Each structure stands twice: as structure tokens, then as C-alpha cells.
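Residue-level listing of the chains:
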Amino acid sequence: MNRFMTLLQRILFVIPAAIAGLPVLFVVFTYFFVDDPVLTVIGVVGLIASVALCFLPVIHRGEKSLASELLGTDVDEDGAYRNSAIFAGLHLLAGTSTVIAVCLIPVAIGELSWRLKDAFSGKWATSTAVELLMGTVLDSPFRVLLFVVFAGAISYSVVFFIGCAFLASRVLGRSLEDKLAESEADRKRLAIQNELARDIHDSVGHALTIASLQAERGRARIDVDAGDAKDALSTVLSVCQRAQADLDDVLRVLRTGAPRSSTQVKDLRSIGDLIDEVRNAGLVVDAAIPLNLDVAEDRLPVLYRIVQEALTNAMRYARPHELRLRIENSADGLRIVAENPVDGGTDSGVGKGLQGIEARALLLGGSSSAHVVAGWFVLDVRLPHLEEVPA
Amino acid sequence: MIDLLIVDDEPLIRSGLSGALSQFPHLRIVGEAEDGETAVTAARQLRPDVVLMDVRMPGRDGLSATKELTDDRSFSGTILVLTTFDSDDYVYQAMALGARGFLLKRWPIARIADAISIASAGESVVFPDSLARIVADHGSPPKRSSGEIEAELTPREQVVLKQVAAGLNNAEIAERLHVTVDTVKSQVSSVLLKLNVRDRTQAVIRAFESGFAAAESGSDRSAEARLSSRR
């Protein structure tokens, strides 16, 4: 069944070209049998028109969609014009050959039966095996020409019929470089999706866990200690609100395909708010952020995220609770350096937060390093200036 | 009354857990700790029956604290690992180091309370179905093959080990096998002795590592199903 479908699709693929090749028959017929030069000239004009079709971009588009639909070619829509023209030419030639072959078959059969009749009457010995096989006698230049045209047409038709899918994929198909580029784009898309999944995993999943626990605490304590229950509920509220904002952020990236500046992250002030928040929570922050820091709008959410992670990290690990934060914008790009003291030497564990920073930096063509130097944990992130964000 | 020590670096998790668990009359929170170091000190001082131990913490982590406490013969408490996600890589390590089981922070509080009771009773093991998968993903090469386990244990003991791996306690196994609880107890002890392991959890890890228990536990009434049915 499958093979039958393939056969049918190949036939359908050749038919349009065969129709375009019909003027050939018209030329031959009028030249040999009607003997009216005007009709022959009309046929020749038709033939030229058919060949001219091979150079029209609109025909190339048709060729591509035919190849894609009927031959299953992975078509390169932006392929070179020359390739398309060559393929259209070969396609037309195949259609013309098929027409010639199909029309000459009855002639050949007639010849063959004539030869067979001769053979039965004892004259066959005068023919060569090839002549007998082809059903013709190569006794005049015209017959030789006819034989060559017929043999050429039929063999080219057969070769094209068998090889058209391969030819299409070579000439019209996407090159290896294109496919590599696409798989690279896929990989980047996947990396972004993973990053988003990790975002949701980190922020929303964790927030939900805390919110449920705090809600349980509130429920357990409400009759025992109303103040405690109230605390728990306030925590639930703030945790949920933050998770909601995080989720909005992630969903916005998902919907638009590329990081956009979110409603929260309108300007650098939101980063200032973030710093104020951790200062209220008891972290001493020495922030060096130039007032004239000019950050591209699309970079802001990433910058915000990185600063947020750095602050969270310092909140958890800085002993004493202290952080030096520096943001610089130079010709090379953005640089974010966060340093906090750590006690107890080197902690090798790199949490999901830092991995998230690294993933973001790498995706944007930058880099991120984190290490402990002389009792200080140093996070150094570099982001190049915006060129293109992988879609 | 079960005395609890809650160890987590995040204050909101600690306050949430202790507040929420305070509603259960049989549980008493005796202390909280924010990292592995303070956890070890607090555990020695407060002698809790059960320690709820987070794994990833700044400074000293839950793994090394678990190891120190389970190696300490004077400490008789049970350690349950607290984790946010059941696919956590560290969960298996903590279990291998001697934690009795693990709890997901996102479980409903009644289920967490149940798991604490079950673990402190010591008659069954506490972990979700995913343990088999975690062991398969992170486990060390089996110390014994499935065939060796089968050769070492009597057919009856093999059946008992499979039930233990499915998370059943002694009474449930007794009921299912139509024998007395004492018979089950002696068979479980014999299994622990023959496998040379400290407790049921370690026996179950051996069973999963070797593949001895993998197939049956899935179709059986698992610890997960059992925990949820008790609610």
C-alpha cells in the first residue's frame, strides 16, 4: 500500500511537467504530418514558453511545494535561485521525455509486431538482436534518430522517476549546515525551556511548599495563639504574592518567546527596591550602581533576576550578613559582581540559584563564575551587550 | 509522646513545620536547628526521638550530620530526611548513611505526622514509591545480587522482605501471611541479621539495589498508598 502510494505520488509529480512538455508533441506532429509552418511555429513558441516557466520564481515555489507534498522533501524555502531553476528544468525535461516515450510506445509496438511478422515468415535473420528487441530497423538516419530519442527519453524518464526524491532533496532540500543551525536553535530553545522549568521549580514550587506549611501552621495555631496564626497568614500572603509575580514573569517569557521587560521590572528602581527589601531583612548591602547606568530594556529582567539570586544567596550564606554589590556597564557589556563574607572556608555546594544564574548568563552569551577568595564568596557575572536573543 | 528536632536552613520552613505539627498531641517539638552543625549539637543535647533533617544547608549539610548521628551509638533517635522534591539526588545518599526514611515538605501535614509516627515505631519504613527509582538511579552497585539474597533467605523470609519493602508494618504482614506478629518480628530480625544491615530501611535499600524487590513492590500495597489510606 505504501509502495503504491509512493508510485502514485511520483506519477502525480511527473504529470504537471508532462503537460508543460506537450508542445514538443505538437511541434513533431505539425512538422511531420500537417506540414503547416504556422502551426509548427506556434508549437515552438509553446515549447519556449514551457522552458521559460523554469525561470519563474512562482514556478519554483510550486516546484518546492510539489516536492514537499509528493516526494517528502525537507525543502529549503530560502534555497538558491539557480538550484530551483535547474530542478525545474530537469523536471520539465522528465515530463517531456515521458510524453515522448508514451507517444512512441505504440509506434514501437507496431514496429515490433511488424518485425515479428517478418520473423515468422523467415526474414528475421536479417535483423540484429538490438533491432529486433527495439522493434525497429535502423536502416535510415531518421530511424536511428527516432531510436536514440526514444531510448534516451524512456531511460531518462525511468531514471528521473526513480531518482526524483533523491534529486529533490539534494537540489531543493536544506543543506547540512541549515539542519545543524536548526538543531542548534532547537537546543537553545530547549535550554530556555529548561531554564523556565527550573524557574518555576525553584520559585513557584518552593513558594507553594512554604505557603502550605505556613497555612497549616495558621490552622493549627488559630485557637491556641491568634497572633502566631496571624503571622503565619501574613507569610502565606506575601509568599503567594511573590510566587504569583514570579509565575507571571515566567509565563510572559513563555508567551512572547523572548524575555520582555515585565511590569515589575520597569527600571533600575525596581532593583533598588529589591535591595531595600533585603536591607530591611537585616542584610548590610554596600551597593555600587551608577546612576547613569543605561541598561537595554530587554536586559533588565535578567539583571533583576541575577541581582535577586545574588541577594538571596547572601541572605542565606553571608556570615556576617553583608554584601557588596557592583554593577558596571562598559563597552564589553554588563558586569555584576556580588561579594559576601563566608565563615567556615569553602562551601563546594552550588545551589540551584547559582546554576540558574549561570544558565541565564550562558544563554545570553555571557559567563558566570563563583568562588571563594580569602573568606569572601565572589560571584562575577558578565553579560555581553544585546545583539539577538534566541527566539 | 514523640520528641522532634526540626532542621532546615529556611526559617519559614521551620516555623511552618513546627507550628503545623504542634496540633498533633503525640508530637512535641523540642528544638530547631538551621544547619548540620547546630543539628548535631542540638540532637545530643535534646535527645529527640525523631530528627527531621533537611539535606542542603549552608555550612555543614544534612548528609554529614546524618552520618555523625547514626554513627553515634549514644544517639538512639530516628532520622528522617526532609526534601522538597522526591527526585532529589541526595535522598538516596542520606538513606544509605542511615536515615530511616524521607518526607516531602509538600506532603499534607497529617501525612507528615503519620510518617513521623511510623518511623519512630520502627516497624515499617517511610518513603514514597519513587525510592525504587531513586535507588536505581543513584544506588551503588548491589552488595548482594538478587540471587544471593534468594539463596540466603528462606522462602518465608523472602516473602517477608518483599512485604517490608512494600512498606508494611509487622502487624500488617502478620495479617496478610496468616501468622502471628511475633513470628513476623523474628523473621524480620533474621532477615536483618542475614543481610547484615542495621534496620528495615537498609534491608529495603539492599532489596531495591539488587532488584530483588523492584517488581513486586510496584504492584503491592506500597508505603505511599498505605500512608495516604491512613489519612
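Attention in this report is confined to the structure presented alongside it. (Residues numbered from 1 in each chain as written. Chains lettered and ligands numbered in written order. Predicted model: local features only at pLDDT ≥ 70, side-chain atom pairs only at ≥ 80, totals over all residues. Heavy atoms only, no water.)

Turning next to a nonpolar patch on the surface. All names here are of chain A. On the surface, Phe4, Met5, Leu7, Leu8, Ile11, Leu12, Ile15, Ile19 and Leu22 cluster together into a nonpolar patch covering about 770 Å² of accessible area. Broken down by element, the residue count for the nonpolar patch peaks at 8 residues, all from helix H1 (residues 2-20). As for its placement among the helices and strands, Leu12 is situated in helix H1. Relative accessible area serves as the criterion here: at 43%, Leu12 is assigned to the partly exposed category. (Patch = residues over 30% accessible without salt bridge, like charges linked within 9 Å, V, L, I, M, F, W, Y side chains within 5 Å. Areas by Shrake-Rupley, 256 points an atom, 1.4 Å probe, with all protein chains shown as cover. Salt bridge = Lys/Arg side-chain N within 4 Å of Asp/Glu carboxyl O. Helix = DSSP H or I, 4+ residues; strand = E, 2+ residues; numbered from the N terminus. Buried < 20%, exposed > 50% of the residue type's maximum accessible area, 1.4 Å probe, protein only.)

Another point: the environment of Gly375 of chain A. Residues and elements named next belong to chain A. Relative to the helices and strands, Gly375 is located in the loop between strand S4 (367-373) and strand S5 (376-383). On a C-alpha basis, the gap between Gly375 and Pro341 in space is 5.7 Å, while along the polypeptide they are 34 residues apart. For Gly375, the contacting residues outside a window of four places in its chain are Asn340, Pro341 and Val342. (Contact = heavy atoms within 4.5 Å.)

Before going further, it helps to spend a moment on unusual backbone geometry. All names here are of chain B. A positive phi is found at His178, a non-glycine position, where the angle reads about 60°. Among the structural elements, His178 can be located in the loop between helix H9 (170-177) and helix H10 (181-195). The class for His178 is exposed, based on a relative accessible area of 71%. For Asn196, which is not glycine, the phi dihedral falls at a positive 60°. Here Asn196 lies in the loop between H10 and helix H11 (200-210). Residue classification places Asn196 among the exposed residues on the basis of a relative accessible area of 63%.

On to the pattern of salt bridges. The full count for this structure, using the stated rule, is 22 salt bridges over all chains. Residues Arg279 of chain A and Asp276 of chain A are paired through a salt bridge, measuring 3.7 Å at the closest nitrogen-oxygen approach. Placement of both Arg279 of chain A and Asp276 of chain A in helix H10 (residues 268-280) is noted, with a separation of 3 residues, approximately one turn of the helix. Taking relative accessible area as the criterion, Arg279 of chain A reaches 37% and is therefore assigned partly exposed. With relative accessibility at 37%, the residue Asp276 of chain A sits in the partly exposed group. Residue Lys105 of chain B is joined to Asp54 of chain B by a salt bridge in which the shortest nitrogen-to-oxygen separation is 3.4 Å. A residue pair is termed long-range when its members are at least 10 positions apart, and Lys105 of chain B in the loop between strand S5 (101-104) and helix H5 (109-121) and Asp54 of chain B in strand S3 (residues 50-54) qualify at 51 residues. Each member of the pair, Lys105 of chain B as well as Asp54 of chain B, carries the same accessibility label: buried.

Moving on to the interface of chain B and chain A. The partner chain A presents 17 residues to the 21 residues of chain B that form the contact. With both sides pooled, the region where chain B packs onto chain A buries about 1700 Å², and carbon together with sulfur makes up 60% of that total. Interface area lost by chain B to chain A is led by Leu12, Pro58 and Phe85 of chain B, which between them contribute 26%. Where chain B packs against chain A, one counts 0 salt bridges. Counting across the interface, chain B meets chain A through 4 residue pairs in polar contact (both at pLDDT 80 or more). Here the side of chain B that touches chain A is built from residues that sort into 8 nonpolar, 7 polar and 6 charged. (Buried area = accessible area lost by both parts, 1.4 Å probe. Polar contact = N/O pair within 3.5 Å; in protein donor to acceptor, adjacent residues only side chain to side chain. Nonpolar A, V, L, I, M, F, W, Y, C, P; charged D, E, K, R; others polar.)

All right, on to helix H7 (residues 141-171) of chain A then. Between its terminal C-alpha atoms H7 of chain A stretches only 37 Å, short of the 45 Å expected from 31 residues at 1.5 Å a residue. Most pronounced at Gly163 of chain A, the bend in H7 of chain A amounts to some 65°. (Expected span 1.5 Å × (residues − 1). Bend = angle between axes of the 7 residues up to and from the residue.)

Residues and elements named next belong to chain A. Volume-wise, the second largest pocket comes out at about 470 Å³. In terms of lining, the second largest pocket is formed by 14 residues, of which the most central are Val28, Phe32, Phe33, Leu104 and Leu146. Broken down by secondary-structure element, the contributors of at least two residues to the lining of the second largest pocket are helix H2 (22-34), helix H5 (81-120) and H7. For the lining of the second largest pocket, the element with the most residues is H2, which contributes 6 residues. In terms of residue class, the lining of the second largest pocket is made up of 14 nonpolar, no polar and no charged. (1 Å grid on protein atoms, 1.4 Å probe; cavity = no way out; pocket = protein on both sides within 12 Å on 5 of 7 lines; lining within 4 Å. Points joined across faces, edges and corners; volume = space filled by probe spheres on them.)

All names here are of chain B. One open sheet accounts for 5 strands, arranged S2-S1-S3-S4-S5; its pairing is parallel. Strands at the two margins of the open sheet, each flanked by one partner only, are strand S2 (27-33) and S5. Strand-to-strand twist of the sheet, defined as the mean angle between neighbouring strand axes without regard to direction, takes the value 25°. Across 4 bridges, the pairing between strand S1 (residues 2-7) and S3 is parallel. Its bridge partner being in S3, Val7 is matched across the sheet by Met53. Across the sheet, helix H1 (residues 11-21) is in contact with S1, S2, S3 and strand S4 (78-83); its angle to S2 comes to roughly 165°. (Pairing = 2+ DSSP bridges. Axes fitted to C-alpha atoms, helices over the stretch in contact; angles between N-to-C directions.)

Another point: the nonpolar core. One recurring pattern in soluble globular proteins is that nonpolar side chains are buried together. In terms of nonpolar packing, the biggest core is built from 81 residues, with Leu17, Leu21, Leu52, Met53, Leu103, Ile116 and Leu161 of chain B touching the most fellow members. Looking at which element gives the most residues to this core, the answer is H5 of chain B, with 7 residues. Each residue touching Leu17 of chain B, except ones within four places of it in the same chain, is listed here: Leu213 of chain A together with Ile6, Leu52, Leu82, Ile109 and Ile112 of chain B. Within the second largest apolar cluster, 33 residues are counted, among which are Leu323, Ala338, Leu354 and Phe377 of chain A. (Core = buried A, V, L, I, M, F, W, Y, C linked by side-chain atoms within 4.5 Å.)

What follows deals with the packing of H1 of chain B against H5 of chain B. Each pair of packed helices can be summarised by the angle the axes make with each other and by the distance between the axes. All names here are of chain B. One way to put it is that H1 packs onto H5 with a least axis distance of 10 Å and a crossing angle of 80°. One way to sum up the angle between H1 and H5 is to call them roughly perpendicular. On H5, the residues that touch Leu17, Ala20 and Leu21 of H1 are Ile109, Ile112, Ala113 and Ile116. (Parallel < 35°, antiparallel > 145°, perpendicular 65-115°, else oblique.)

Here the focus is the side chain of Thr96 of chain A. With respect to the helices and strands, the residue Thr96 of chain A is situated in helix H5. Aside from chain neighbours lying at most four places away, what touches Thr96 of chain A is Ala17, Gly21 and Val24 of chain A.

Another aspect to go through is the sheet that holds strand S2 (residues 322-330) of chain A. Residues and elements named next belong to chain A. Read across the sheet, 5 strands follow the order S1-S2-S3-S5-S4 without closing on themselves; strand pairing throughout is mixed. The outermost strands of the open sheet, each flanked by one partner alone, are strand S1 (284-288) and S4. Across the sheet, the mean angle separating the axes of adjacent strands is 10° when strand polarity is ignored. Taken together, the 8 bridges between strand S3 (residues 333-341) and S5 define a ladder with antiparallel strand orientation. Bridged to Arg335 within S5 is Arg382. Taken strand by strand, H10 contacts S1 and S2, and its axis lies near 160° from that of S1. Strands in contact with helix H11 (residues 300-317) are S2, S3 and S5; relative to S3, the strand with the most contacts, it is inclined by about 10°.

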